[in-house]
Amino acid sequence: MTTVVHPGDSLSGRQRLAYILILGALTALGPFTIDTYLPALPTLQEDFNVSTAAIQLTLTATTIGFGVGQLLVGPWSDKIGRRLPLILSTCVHILACLGAAVAPNVELLGLARAMQGIGAAAGGVVAMAMVRDLFGGRPLVRMLSRLALVNGLAPVLAPVLGSWLLLVMPWRGIFVVLACYGLFVVICVSLWIVETLPKARRHDAGHSTMRQRYKAVLSDRIFVGIAIVGAANFTGLFSYLSSSSFVFQEIYKFNAQEYGLLFAVNSIGIIIGVQSAARITKYVGPQWILAVSTVVMFVSSVLIVILDQAHVGLWGTAIPLWFFIAACGFGFPCVQVLALNAHGHEAGTAASLLGALNFGTAGIVSPIVGILGVGSATPMGFVMAICAAVSIAALWLIVRPRTVPALAH
């Protein structure tokens, strides 16, 4: 076994907990920005008197903004350090939230949502890079999984929170709450998070320029394949995110609160998957966990289509959907560690490419569900099945699991 020493190995248990909580809150900013207003989508459609596809485009705008923001902030954080990009980007998010709260039409709401995505991007990409600055090998898996546990609570809580907020305020109030959350995150980072990328490490030979960092990442076959796997998995999940509020509220007649509860139950599958995957990597390489989870995703999504066409009803959609989401949870930490483990010199750039491909692809593909129609669960299941098939192909044809090196201990 190989033992490698990393800066994070010397942190006390209390210091690690502080990093997990604050960095987890940072990575949760993106999911909260995306998910909290999901129960309000039918209300927005009615208020602005536009089509379902037009409302879904406000969600697409957020994801594309998130992808663009990550491409900007990741390499920037490799060049000047982690804290400043994190604080400035989150301030952009706060201002964009306030803009969304007063948007008079769906076009300006979409613009504000795109800026929200750009501002929230730093949270996910820089937090992941900070963890890679501090840890490697199996300790990196453990920290990413703990971060994902905190982050996993965001999609559980966000729609529930959104549905509760709709009981006491109009949908615009949700964006004011998100602005307050962004302000809270900025204060926490300013007070308690120190710089994890020393000046000396920003100019390592062969990794000092943006071109060198991108070349190091994009010439790595395993990274490229894993990035495609991660993007396909996330796009399948996002197809569910963008269409589920219409499927469950309009077809199965859930109210906003019932939808929020269903979303929470589904998201528990992500948490179970994330934490189980971290433990299984003690015995099995993360690439083999992906080999199983991608097949489960494919089978589950095909079952959604078959059972929906057979008119089985709510449970024919809800049960296979839960297994699809849990399989995504198994895959998330595996994708992150396989993508970042070999790229400590350019962790920000690697994390930004990973995130940008995730959200960019999801933003482009997920509106297809709206175009195909949300009159049944079949379009959602069909798009999810295509994404799972792409993921399986990328894993076996590009990554090639047998060629992936074992993780250091």
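So, how was this worked out
Residues numbered from 1 in each chain as written. Predicted model: local features only at pLDDT ≥ 70, side-chain atom pairs only at ≥ 80, totals over all residues. Heavy atoms only, no water. Helix = DSSP H or I, 4+ residues; strand = E, 2+ residues; numbered from the N terminus. Rg over C-alpha atoms; globule rule 2.2 N^0.38 Å. Buried < 20%, exposed > 50% of the residue type's maximum accessible area, 1.4 Å probe, protein only. Contact = heavy atoms within 4.5 Å. Areas by Shrake-Rupley, 256 points an atom, 1.4 Å probe, with all protein chains shown as cover. Lys, Arg positive; Asp, Glu negative; His and termini not counted. Charge placed at Lys NZ, Arg CZ, Asp CG, Glu CD. Core = buried A, V, L, I, M, F, W, Y, C linked by side-chain atoms within 4.5 Å. Axes fitted to C-alpha atoms, helices over the stretch in contact; angles between N-to-C directions. Parallel < 35°, antiparallel > 145°, perpendicular 65-115°, else oblique. Left-handed = near helix turned anticlockwise from the far one by under 90°. Patch = residues over 30% accessible without salt bridge, like charges linked within 9 Å, V, L, I, M, F, W, Y side chains within 5 Å. Salt bridge = Lys/Arg side-chain N within 4 Å of Asp/Glu carboxyl O. Phe/Tyr/Trp six-rings, centres within 6.5 Å; stacked < 30°, edge-to-face > 60°. Lys NZ or Arg CZ within 6 Å of the ring centre and 35° of its normal. Disulfide = S-S within 2.5 Å. Nonpolar A, V, L, I, M, F, W, Y, C, P; charged D, E, K, R; others polar.

**Section: the overall build of the protein**
Next, step 1: A tally of regular secondary structure across the protein gives 15 helices and zero strands.
Next, step 2: Taking 409 residues into account, the globule formula puts the C-alpha radius of gyration at 22 Å, and the protein, at 20 Å, falls close to it.
Next, step 3: For the protein, the C-alpha atoms occupy an extent of roughly 55 × 45 × 40 Å along the three principal directions.
Next, step 4: Here the protein holds 409 residues, and 60% of them are scored as buried.
Next, step 5: Relative to all contacts within the protein whose residues are 6 or more apart in sequence, the contacts with residues 24 or more apart total 85%.
Next, step 6: Here the protein displays about 15900 Å² of accessible surface, and carbon together with sulfur accounts for 71% of that area.
Next, step 7: Across the protein, the centroid of the 23 positively charged side chains sits 14 Å from that of the 14 negatively charged ones.

**Topic: the nonpolar core**
A general trend in soluble globular proteins is that nonpolar side chains are found buried together.
Next, step 1: Judged by nonpolar contacts, the single largest core of 119 residues is most densely connected at L23 and Y240.
Next, step 2: Top element by residues in this core is helix α9 (residues 221-251). It accounts for 13 residues.
Next, step 3: In contact with L23, not counting residues within four places along its chain, are A127, M130, V131, L147 and I193.

**Notes on the packing of helix α8 (residues 210-218) against helix α13 (residues 347-365)**
Next, step 1: For the pair α8 and α13, interaxial distance at closest approach is 9 Å and the crossing angle is 60°. Here α8 lies oblique to α13, going by the angle between them. Every pair of crossing elements has a handedness; the one defined by α8 and α13 is right-handed. Where α8 abuts α13, its residues R213, Y214, V217 and L218 lie against T349, A350 and L353.

**Regarding a nonpolar patch on the surface**
Next, step 1: On the surface, I280, Y283, V284, W288, W396 and L397 cluster together to form a nonpolar patch covering roughly 620 Å² of accessible area.
Next, step 2: Of note, Y283 is situated in the loop between α10 (256-280) and α11 (286-309).

**Section: the packing of aromatic side chains**
Next, step 1: In total, this model carries nine aromatic pairs according to the counting rule given.
Next, step 2: The interplanar angle of 50° and the centroid separation of 5.8 Å between the aromatic rings of F248 and F254 together place this pair among those described as tilted. Comparing F248 with F254, the two get one shared label, buried.
Next, step 3: By the ring-pair criterion, three or more aromatic residues cluster together here, those being Y37, F48, W171 and F175.
Next, step 4: Above the face of the Y37 ring, R113 is positioned so that its terminal group lies 3.9 Å from the ring centre.

**Notes on the state of the cysteines**
Next, step 1: Tallying each qualifying case throughout the model produces zero disulfides.
Next, step 2: No disulfide involves C97; its nearest neighbouring cysteine sulfur is the one of C180, lying 9.2 Å away.
Next, step 3: We classify C97 as buried; its relative accessible area is 0%.

**Looking at the packing of helix α1 (residues 13-35) against helix α7 (residues 172-192)**
Next, step 1: Two numbers describe how α1 lies on α7: the axes approach to 10 Å, and their chain directions differ by 160°. The angle between α1 and α7 falls in the class roughly antiparallel. Handedness of the crossing formed by α1 with α7: left-handed. Every residue of α7 that contacts α1 at I22, A25, L26, A28, L29, F32 and T33 is listed here: L178, Y181, G182, V185, C188, V189 and W192.
Next, step 2: Considering only residue class, the contact of α1 with α7 consists of 12 nonpolar, two polar and no charged.

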